[in-house]
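Tertiary structure, described
Chain residues, written in single-letter form:
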Amino acid sequence: MGGCGELTDLQITFLGTGGSIPTPKRGLSAIAIQRKAELLLFDCGEGTQRQMIQAGVGFHRKAKVFVTHMHGDHVLGLPGLLQTMSLLGRTKKLEIYGPHGIKDFVEAINQTVRFSLTFPVQVTEIESGMVCKEKEYEVEATQTNHMDPSLAYALTEKPRPGRFHTEKAKELGVHEGPLWSKLQAGSSVKLPSGRIVEPEMVLGASRPGRKIVYTGDTGPSENLVKLAENADLLIHEATFEDELKERAVEDGHSTPSMAAETAKAAGAKRLVLTHISARYKDANILLQQAKKIFVNTELAEDFLRLELPLQED
Ligand SMILES: [Zn+2]
Ligand SMILES: [Zn+2]
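This next bit is on unusual backbone geometry. Cis geometry is found at the peptide bond from Asp 148 to Pro 149, where omega equals 0°. Tracing the chain through its elements places Pro 149 in the loop between β9 (137-143) and β10 (151-157). For Asn 230, which is not a glycine, the phi torsion comes out positive at approximately 60°. Mapping Asn 230 onto the fold places it in the loop between α8 (222-227) and β14 (233-237). For Phe 303, which is not glycine, the phi torsion reads 75° and is therefore positive. Looking at where Phe 303 falls in the secondary structure, it is placed in the loop between β17 (297-299) and β18 (305-307). Using a relative accessible area of 29% as the deciding quantity, one classes Phe 303 as partly exposed.

Okay, here's the thing in structure tokens:
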């Protein structure tokens with residue numbers, strides 16, 4: 001088993017889990033993924049900054065914001081977030097990704113709301129496909145069935161190198177030190193004897209990274225099933241109960257059964273329902289409906305925090 005550090009290097013915090021309008025218990029859409037030193041924020045509904053304070057998510061980390069679509073309940077938290085970050089003297093660049101319209105929106109905030117940004121903001125308008133590629137993970141997007149354009153995102157970690165077998169290394173005559181690090185990083189090394197040791201000779205099979213998919217607002221869609229294939233965690237909207245299926249379809253939203261069917265078809269391991277309509281004081285009925293189709297379902301609440309342990313070999 002991995003150490004504690006390995007188990008806590010990725011935390012998902014639901015900052016806002018309400019749909020369209022806030023309630024005393026549910027803020028508007030925002031999910032914070034704290035991955036190592038970085039913050040990845042998915043959607044930024046109104047009040048996100050206050051939820052971040054309450055959840056203890058900092059304002060100074062390396063950060064990216066991924067906006068699913070330009071409905072107010074998913075983006076109106078951006079002005080306040082930018083202002084607070086500036087008041088706190090943030091200096092690191094903030095990257096914002098979103099569909100067409102996000103650039104004009106951020107531009108309008110800059111030109112009309114009087115505060116000075118203390119950090120660079122890089123806004124990138126995206127369509128479906130690869131959004132960003134980092135050393136350890138990538139983010140991909142696909143068009144959802146809600147409005148044009150509206151996006152869902154998949155965060156996928158790259159496979160990690162296999163476990164390093166110290167005994168094997170010693171047997172092969174590689175002594176502890178810089179050569180071990182080289183092998184662990186996947187490079188072959190040459191010993192004083194002239195012998196070449198390849199990483200495969202001392203490393204186990206590579207271990208899969210984690211995959212998290214967030215749908216934003218959407219009705220059922222083949223795109224989503226594809227994007228969520230084998231996801232460790234699918235965060236899916238479930239605005240209305242099954243009995244309001246027609247309403248859900250009309251508005252480009254999902255019922256718990258629709259979310260569960262997508263999780264099942266995609267072979268996801270775990271499903272969390274969010275974007276809960278303000279009409280539900282007790283949303284347990286939504287959870288029960290989804291569980292009939294996909295047992296491993298949870299209902300998001302504001303400040304629900306999940307950890308996704310790494311799979312060990
Ligand atoms: Zn919404
Ligand atoms: Zn929407």
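Following the structure, the description resumes.
This part is about the environment of Val 123. Mapping Val 123 onto the fold places it in strand β7 (residues 121-125). Dropping the residues within four chain positions of it, Val 123 is found in contact with Ile 96, Ile 102, Lys 103 and Val 106.

Another aspect to go through is the packing of aromatic side chains. Following the criterion strictly, the structure yields six aromatic pairs and no others. Relative to Tyr 97, the ring of Phe 66 has its centre 5.3 Å away and its plane inclined at 10°; by these criteria the two rings are stacked. Residue Phe 66 is located in strand β5 (residues 62-66), and its partner Tyr 97 is located in strand β6 (residues 94-98); the two are separated by 31 residues in the primary sequence. The exposure class of Phe 66 is buried, given its relative accessible area of 0%. A relative accessible area of 5% places Tyr 97 in the buried class. The interplanar angle of 55° and the centroid separation of 5.2 Å between the aromatic rings of Phe 164 and Trp 180 together place this pair among those described as tilted. Highlighted residues: Phe 164 in the loop between β10 and α6 (166-171) and Trp 180 in helix α7 (residues 178-184), separated in sequence by 16 residues.

The subject of this paragraph is the coordination of the zinc ion (ligand 1). Those protein atoms acting as donors to the zinc ion (ligand 1) are Asp 73 (OD), His 74 (NE2), Asp 217 (OD) and His 275 (NE2), and they sit at 2.1 to 2.2 Å. Metal-centred angles of 87 to 166° between the four donor atoms at the zinc ion (ligand 1) mark the site as irregular. Taken in sequence order, the residues that donate to the zinc ion (ligand 1) follow the motif D-H-x142-D-x57-H. In this structure, the zinc ion (ligand 1) lies 3.5 Å from the zinc ion (ligand 2), and both are coordinated by Asp 217.

A few words now on the pattern of salt bridges. Applying the stated rule across the entire model yields 12 salt bridges. A salt bridge links Glu 136 to Lys 36; the nearest nitrogen and oxygen atoms lie 2.9 Å apart. One end of the pair, Glu 136, is in the loop between β8 (129-133) and β9; the other, Lys 36, is in the loop between β3 (30-35) and β4 (38-42), with 100 residues separating them in the sequence. The exposure class of Glu 136 is partly exposed, given its relative accessible area of 32%. Residue Lys 36 is classed as partly exposed on the basis of its relative accessible area, which comes to 46%. The partner of Glu 298 in a salt bridge is Arg 270, with the nearest N and O atoms 2.9 Å apart. Placement of Glu 298 in strand β17 and of Arg 270 in the loop between α10 (256-266) and β15 (271-274) is noted, with a sequence separation of 28 residues between them. Here the salt bridges do not stand alone but share partners, grouping Asp 9, Arg 35, Lys 36, Glu 136, Glu 157 and Arg 210 into one network.

Definitions and limits used
- Residues numbered from 1 in each chain as written.
- Chains lettered and ligands numbered in written order.
- Predicted model: local features only at pLDDT ≥ 70, side-chain atom pairs only at ≥ 80, totals over all residues.
- Heavy atoms only, no water.
- Helix = DSSP H or I, 4+ residues; strand = E, 2+ residues; numbered from the N terminus.
- Buried < 20%, exposed > 50% of the residue type's maximum accessible area, 1.4 Å probe, protein only.
- Contact = heavy atoms within 4.5 Å.
- Phe/Tyr/Trp six-rings, centres within 6.5 Å; stacked < 30°, edge-to-face > 60°.
- Donors = N, O, S within 2.8 Å, 3.2 Å for Na, K, Ca; no water.
- Tetrahedral: all angles 85-135°; square planar, octahedral: opposite > 155°, others 65-115°.
- Salt bridge = Lys/Arg side-chain N within 4 Å of Asp/Glu carboxyl O.

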